[in-house]
Amino acid sequence: MVKVRAGPKAWLIASTLFLNMNIVGYSNAEEPAEARDPPQIPLKEELGGLTIDDRIKRLELRNEELRAVLRADLPIYKNADANKTDGVAVEGKPLNVRQKLFPEKALDPESYSLQAYWNNGFELRSDDKAFTLNIGGRIDFDNSWYQLPSAMQPTLTNPLLDGSELRRARFRAGGNIYTQFEYAFEVDLSSGSDFFTLEPNPEQPLYLTDAWVAINDVPIFGSIKIGHQRELLTFTNSMNGNFLQFMERPYIFDAFNNFFQFSTGISATRNMFDDHLQAWLGLFRTGTRTGAFGVGNGDAAFSARLNWQPVLLPDEQFWVTLGSAGSIRTIPQDPGYMYYFARPLTRAGSAYQVPYLINTPELLSDDLVNYVNFNLHSAYGPFSFGGEYLASYMTNVVNNGSPLPNAQNTNTPMPVGNLTFDGFYLETLYFITRNDHRPIDLKTMAYDRVIPQTPFICRDKSDPNMPNGWGAWEVGLRFDYLSLDSNQVQSGTLNSITTGLNWYWNANMRIMGNYIYTFRDWNEPNATGNIQAFGIRAHVDF
């Protein structure tokens, strides 16, 4: 006896043919005479509510799905016995979740695959863009030089010395699942991360920035994001670090916003009236900035921001945004106090080596800390300009002494009442090169990526079809003001003017140069004076 062995694909094909044969009434046997009479099409009721055409269409769809399974070679069948190959057992029919979510999509097996693209970074995506995966990172390499009175050096928390710094070295992955769901994960491996300490840390630096999931297009709420995420309280913090117009964010960010640049929590963002109005709000756990972890009963913060875009004409390179925001926050139980500080606007060395130009003592309070923010920014053609104000208000504050390492705090904690610290910046930028423009990111209502009209290309003329280009050139000017003087706490003020030159080689690479002139005013011997700094940065993101 010859045993015929049939594999799973053969059984599928045979089953499909058998179904089609039953539909068309195929038979090799002699049919009765009455069967050869013209067929009478049965009523719907006789076929369970379906006509023959309906059944044929249903079977054709099922055949298409079976053929897709065969082409994709999905493992939905297996041998009934591992020691035999003459029988098959069906585990179960495939669950086509994609078809249920997107019934209008055709059953094309190629739609399951991801194709590689360059979209200002490496991207894998399906043909319908329902599934995407972005893998990349960024590198910022800085060099800085300083000039200041030698007598001022001892008044700083660390000497301000020339040097270099790997300001950012980040790896990122993110994308979409079934169009509506979004995710992101990013870590910073540079020793330039802000760990808010002036003591050397022998551990390998690891700064967690983004680690969240989101669901978009939710009725009423818009986009809901859960996890460790950027708090969109200010314009300058809402902006992606890849798109910074100067080497460092302004003093008001470093002093007030940097403590909660990233936080663990839940937020919702909704754009309304064709993106002319955006509302953002979030509930977060305080003290979770760098590691996403925090322990403390009642450590919480509520933040909200409202942006109005009276002019939004991206095709005409013209937009205006006005924003107002606020936050109420507890002081984290670990460490149980807070203090404000500001560092140079161009930096060198590891994070703990960068000195504070001015800083407050440790501030204790059982009350909430309040922040308020206002901003106005606009761009028209090659011009962009804007300004932002940010203030912190604390009540029933106690001065707990110096926050610096190894400081001799012999003073008894002293009540200092209510404190208000604030600052602002004004800036303007201009593209020298023709048709270049600074756009707005409608997800965050902040500056978006600059894409030069003619990328920088410098090569020999062996390829005449590839002309050389100069990239995009931008000049900028910013004025910064910060005051940490309030009532009995007199920690100084800073006034700085920054001039900048940005050379965009392409959408992912640029060279930045900043010259900063700073006037430091602090009521301490030899602490008042001028500081000059020059910094240069090489940036790439992918």
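A few points on the structure.

Cut-off values and rules
Residues numbered from 1 in each chain as written. Predicted model: local features only at pLDDT ≥ 70, side-chain atom pairs only at ≥ 80, totals over all residues. Heavy atoms only, no water. 1 Å grid on protein atoms, 1.4 Å probe; cavity = no way out; pocket = protein on both sides within 12 Å on 5 of 7 lines; lining within 4 Å. Points joined across faces, edges and corners; volume = space filled by probe spheres on them. Helix = DSSP H or I, 4+ residues; strand = E, 2+ residues; numbered from the N terminus. Nonpolar A, V, L, I, M, F, W, Y, C, P; charged D, E, K, R; others polar. Phe/Tyr/Trp six-rings, centres within 6.5 Å; stacked < 30°, edge-to-face > 60°. Buried < 20%, exposed > 50% of the residue type's maximum accessible area, 1.4 Å probe, protein only. Lys NZ or Arg CZ within 6 Å of the ring centre and 35° of its normal. Core = buried A, V, L, I, M, F, W, Y, C linked by side-chain atoms within 4.5 Å. Contact = heavy atoms within 4.5 Å. Pairing = 2+ DSSP bridges. Salt bridge = Lys/Arg side-chain N within 4 Å of Asp/Glu carboxyl O. Patch = residues over 30% accessible without salt bridge, like charges linked within 9 Å, V, L, I, M, F, W, Y side chains within 5 Å. Areas by Shrake-Rupley, 256 points an atom, 1.4 Å probe, with all protein chains shown as cover.

**What to know about empty space enclosed by the protein**
All chains considered together, the criterion is met by seven cavities of 30 Å³ or more. One number sums up the size of the second largest cavity: a volume of about 80 Å³. Those elements that provide at least two residues to the lining of the second largest cavity are strand E24 (509-521) and strand E25 (529-541). Its residues assigned to classes, the lining of the second largest cavity shows six nonpolar, four polar and four charged.

**Observations concerning the packing of aromatic side chains**
Per the stated rule, a full pass over the model turns up 24 aromatic pairs. When the ring of Phe131 is compared with that of Tyr178, the centres are 4.6 Å apart and the planes differ by 65°; the resulting orientation is edge-to-face. Of this pair, Phe131 sits in the loop between strand E4 (122-125) and strand E5 (132-147) while Tyr178 sits in the loop between strand E6 (163-177) and strand E7 (181-188); the two residues are 47 residues apart in sequence, bridging distant segments of the chain. Under the relative-accessibility criterion, Tyr178 is labelled partly exposed at 26%. An aromatic cluster is present here, built from Phe256, Phe259, Tyr337, Tyr339, Tyr340, Phe341, Tyr356 and Phe421 joined pairwise through their rings. Between Arg125 and the ring centre of Tyr117, over which it is positioned, the NZ or CZ distance is 3.7 Å.

**Thoughts on the nonpolar core**
Counting residues in each nonpolar core, the largest one holds 50 residues, and the members touching the most others are Phe256, Tyr340, Met394, Phe421 and Leu482. Leave out the neighbours within four places in its chain, and Met394 touches Ile331, Met338, Tyr340, Leu363, Ser365, Val369, Asn418 and Leu419.

**Points about the pairing of strand E9 (residues 222-230)**
Pairing geometry for strand E8 (residues 207-218) and E9, over six bridges, is antiparallel. Across the sheet, Ile215 pairs through a bridge with Ile224, a residue of E9. By the bridge criterion, eight bridges tie E9 to strand E10 (residues 262-272) in an arrangement that is antiparallel. Paired with Gln229 across the two strands is Ser263, which belongs to E10.

**Considerations on the pattern of salt bridges**
Scanning the entire structure with this criterion turns up 18 salt bridges. Residues Glu186 and Arg170 are paired through a salt bridge, measuring 3.5 Å at the closest nitrogen-oxygen approach. Placement of Glu186 in strand E7 and of Arg170 in strand E6 is noted, with a sequence separation of 16 residues between them. No difference in accessibility class separates Glu186 from Arg170, as the two residues are buried. The shortest N-O distance in the salt bridge between Asp210 and Arg172 comes to 2.7 Å.

**Some thoughts on the environment of Leu148**
The residue Leu148 is located in the loop between E5 and E6 in this model. Under the relative-accessibility criterion, Leu148 is labelled buried at 17%. Taking C-alpha positions, Leu148 is 6.5 Å from Gln532, a pair spaced 384 residues apart along the chain. With residues near it in sequence (within four places) discarded, Leu148 still touches Gln153, Leu156, Leu160, Asn530 and Ile531.

**A look at unusual backbone geometry**
With phi around 65°, Thr179 is a residue other than glycine that occupies positive phi space. Position of Thr179 among the secondary structure elements: in the loop between E6 and E7. You can call Thr179 partly exposed: its relative accessible area is 40%. Despite not being glycine, Asp217 has its phi angle at roughly 60°, a positive value. Positionally, Asp217 belongs in strand E8.

**A closer look at the environment of Gly287**
If you trace the backbone, Gly287 turns up in the loop between strand E11 (277-285) and strand E12 (301-313). Relative accessible area serves as the criterion here: at 47%, Gly287 is assigned to the partly exposed category. Each C-alpha atom, one on Gly287 and one on Gly336, is 9.9 Å from the other, the two residues being 49 residues apart in sequence. Among residues more than four places away in sequence, those in contact with Gly287 are Phe293, Gly294 and Pro332.

**A short note on the side chain of Ser238**
Within the secondary structure layout, Ser238 lies in helix H4 (residues 235-238). Under the relative-accessibility criterion, Ser238 is labelled buried at 3%.

**Let's talk about a nonpolar patch on the surface**
Taken together, the side chains of Val213, Ile226, Ile266, Leu281, Leu283, Phe302, Ile328 and Leu368 make up a nonpolar region of the molecular surface, amounting to roughly 690 Å² of accessible area. Along the chain, Val213 turns up in strand E8. Val213 sits in the partly exposed class, given a relative accessible area of 48%.

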